[in-house]
Amino acid sequence: FFFNSRSMFVRRASYISRVMRFNNYQRYYASGASKCLVFAEHNNEKLNPVTLNAISAARLISEDISVLVLGSNCQNVVDEVSSVDGVSNVLYSDNQSFNRLLPESVSPVLEKCQSEQNYTHFLAPATANGKNIFPRFAAKLDVQPISDVTKVESDNTFVRPIYAGNALATVESSDNVKIITIRPTAFDAANKGSGKANTSKIECDVSQDLSTWKSEELAKSERPDLTAANVIITGGRGMKSGENFAMLEKLADIFGGAVGATRAAVDDGMVPNDMQIGQTGKVVAPQLYIAIGVSGAIQHIAGMKDSKIIVAINKDEEAPLFQIADYGLVGDAFAILPELTEKLAARQKK
Amino acid sequence: RTRRRGGEAAMRVVVGIKRVIDYAAKIRVKPDGSGVDTANVKMSMNPFCEIAVEEAVRLKEKGLAKEVIAVSMGPQASQDTIRTALAMGADRGVHVLTDAKLQPLSIAKLFKSIVQREDPKIVLLGKQAIDDDCNQTGQMLAAIMDWSQGTFASQVAVADCQERVSVTREVDGGLETLSLKLPAVITTDLRLNEPRYATLPNIMKAKKKKIEKLTPEELGVDVSSQIEVLSVREPQARVGGKVLESVDELVDKLKNEAGVL
């Protein structure tokens, strides 16, 4: 009997969501009130802007938005989050143990939040942290999580890319709690400045002996994050060596942009892995994407095809990237680059 | 117990593998919106799973693993994928036969049953399948088993004591290294290793290796799904523009047509 009434609820809820979709509503409300908790991505000093995209996604589901900040010496981040439009509550734990976000330490905190507050939805930006932590948390709740959501259709229906973005699946979840990671480039960023959320500290025992952080090798750069940059210059196998990427950096500097790379360039050891754009690397959608010496493999295109303007420069006129580029130049990258850099620099100066 | 001698202290490793549409195949969405067309399309072992099998076989070659068990869940054709893993060096296979569309949560529960039977110290999985791009199963299995997890691994080093494993991971800012308590679930990223091709002699040898056949019912796992796929469609196509003649033309277009300067 319980199974029958639950499935009837699901059918009714999906009927409601389909009617609302038909009426093209921007915001959807559950039959019961939805309550969202957004997991903040940050570096203890500043909030990562992708969190603002996750908050926007949450606002499509509910008006009751809380944000969880776990960090170490992260008061700045707590303050920043509490000023974001639409956020009612900021829960935080400022603890040495959260200097690095190990899923074995973080998941228990999320589970505690759930048992105390009964959220209906958990959202995180689909960063390395989000992807690492959320599925573990979901399994602890016996929930099937939904990754890399690009559209919220209703409180239980979401669109996500599959097959490297060559298809889009619309999925409906019948779990009582929805655990979701969102693709930041698919949602606007929530505004900062006029919000005034309550902040409350949470106490949690985070000792665990399963996993210990040992060391890291992070790229140091003055350039913006790939996920936040308005202009990205990407090099592929055609750049031939890591030294040649300096030419791309010069071009990126004109715009204050970022430099990306294809899997081929990373595999060949030209540049480190954090620069990889693609199906399993970073997904970006800048205003301007200039790809040099990039053939345009399906897996690379998956990571950049939502860029507003795409420019392809390659000596191979058959390169697949030309098929989706707005503008292309066929020729030797090492001849074109200096001329392009000089002329764009002159333009930008004007 | 801390001495590594032949098969004495060495561990059992379970590797999960998935049969997917080949990474180079063109994806066609069915006109009725029910899914992606897999009829007459080349199928292969998921590339990340190949990397997982390779890493497991290398652990055996280093004397750290005494046995590598390749596990796949899916229809009859998944057997072919298991045979490939056996040809790469896995010792035996387990095929959980089901035609059900499996969600990562169900797969993790099936793996739990297998892990309880096989008692491995390491479970190696690809970080994501290139069909559903979920990137969830490893993390969920670790949760269900209450084990440590090392996802997106670019390097794996088992400690001499065989109680811990060092995993270097590819993260957004670069690399980080963790020390995980064993048993652990490790998911593989692109640069962990370069998988070997199965040689013909090994393919022939693989035919003699055993594949155990099981069903979800026998393992006591309910594989019904909390997720319903309502529809699958193609994204809006991006139409290509034009190939230009000169740098001057490009700069002009970027300023006056695209408005990005």
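Provided above is the structure to which this section pertains.
Just so it is clear, the model here is predicted, and its values are computed rather than measured.

We now examine the overall build of chain B. Within chain B, the regular secondary structure consists of seven helices and 13 strands. Overall, chain B is about 75 × 40 × 40 Å in size when its C-alpha atoms are taken along their principal axes. Burial analysis of chain B (261 residues in total) assigns 56% to the buried set. Excluding contacts between residues fewer than 6 apart, the proportion of contacts in chain B whose partners are at least 24 apart in sequence is 70%. Accessible area of chain B: about 11700 Å², with a carbon and sulfur share of 47%. Put simply, chain B has 39 plus and 36 minus side-chain charges, and the middle of one group is 7 Å from the middle of the other.

Residue and element names in this part refer to chain B. In this structure the tally under the stated criterion is 31 salt bridges over all chains. Across the pair aspartate 22 and lysine 42 runs a salt bridge, and its minimum N-O distance is 3.8 Å. Here aspartate 22 is found in the loop between strand E2 (19-21) and strand E3 (43-45), whereas its partner lysine 42 is found in the loop between E2 and E3, with 20 residues between them in sequence. The exposure class of lysine 42 is exposed, given its relative accessible area of 55%. The salt bridge involving arginine 196 is made with glutamate 61; its shortest N-O contact spans 2.8 Å.

Turning our attention to helix H2 (residues 50-59) of chain A. Helical geometry note: an α-helix holds 3.6 residues per turn, so side chains three or four residues apart project in the same direction. Residue and element names in this part refer to chain A. Most of H2 sits out of view: nine of its ten residues are buried. Of the positions making up H2, those classed as buried are Val50, Thr51, Leu52, Asn53, Ala54, Ile55, Ser56, Ala57 and Ala58. As for H2, its buried residues are in contact with strand E1 (36-39), strand E2 (65-71), strand E3 (87-94), strand E4 (121-125), strand E6 (151-152) and strand E9 (178-182).

All names here are of chain A. Membership of the largest hydrophobic core comes to 45 residues, with the highest contact counts inside it found for Val38, Val67, Val69, Leu123 and Ile182. A total of five residues in this core trace back to one element, the largest contributor, which is H2. Apart from residues lying up to four places away in sequence, leucine 123 is in contact with Cys36, Leu37, Val38, Phe39, Ala54, Ala57, Ala58, Ile61, Phe134, Ile180 and Ile182.

With that out of the way, let us pick up the state of the cysteines. All names here are of chain B. Applying the stated criterion to the full structure yields zero disulfides over all chains. With no disulfide of its own, cysteine 49 lies closest to cysteine 134 among cysteine sulfurs, the gap being 13 Å. The class for cysteine 49 is buried, based on a relative accessible area of 5%.

So, on to unusual backbone geometry. Note: most residues except glycine have negative phi, and most peptide bonds are trans. In this chain, leucine 182 of chain B is followed by proline 183 of chain B through a cis amide linkage whose omega measures 5 degrees. With respect to the element layout, proline 183 of chain B can be found in the loop between strand E9 (174-181) and strand E10 (184-188). Phi is positive for lysine 240 of chain A, which is not a glycine, with a value near 70 degrees. Within the fold, lysine 240 of chain A resides in the loop between strand E12 (231-235) and helix H6 (245-255). Even without a glycine there, the phi angle at aspartate 146 of chain B is positive, about 60 degrees. Note that aspartate 146 of chain B resides in the loop between helix H4 (137-145) and strand E7 (148-158). Assessed through its relative accessible area of 47%, aspartate 146 of chain B is described here as partly exposed.

Definitions and limits used
Residue indices begin from 1 for each chain and proceed along its sequence in written order. Lettering for chains starts from A, numbering for ligands starts from 1, and both go in the order in which the items are written. Given that the model is predicted, a residue must reach a pLDDT of at least 70 before its local features are reported, and side-chain atom pairs must reach 80 or more before they are shown or counted; all residues, however, enter totals for whole chains, interfaces and linings. Hydrogens and water molecules were not included; the side-chain quantities draw on all heavy atoms of the structure. Going along the chain from the N terminus, every DSSP run of H or I of four or more residues is numbered as a helix, and every run of E of two or more is numbered as a strand. Type-normalised accessible area, obtained with a 1.4 Å probe on protein chains alone, sets the label of each residue: buried when under 20%, exposed when over 50%, and partly exposed for intermediate values. Here a residue-residue contact requires only that any non-hydrogen atoms of the pair lie within 4.5 Å. Working definition of accessibility: Shrake-Rupley area with a 1.4 Å probe, residue cover restricted to the visible protein chains. Lys and Arg are tallied as positive, Asp and Glu as negative. Neither His nor the chain termini are counted. In this description, the location of a charge corresponds to atom NZ of lysine, CZ of arginine, CG of aspartate or CD of glutamate. Criterion for a salt bridge: a side-chain nitrogen of Lys or Arg within 4 Å of a carboxyl oxygen of Asp or Glu. Only buried residues count toward a nonpolar core. Its members are Ala, Val, Leu, Ile, Met, Phe, Trp, Tyr and Cys residues joined through side-chain atoms within 4.5 Å. Disulfides are defined as cysteine sulfur pairs within 2.5 Å.

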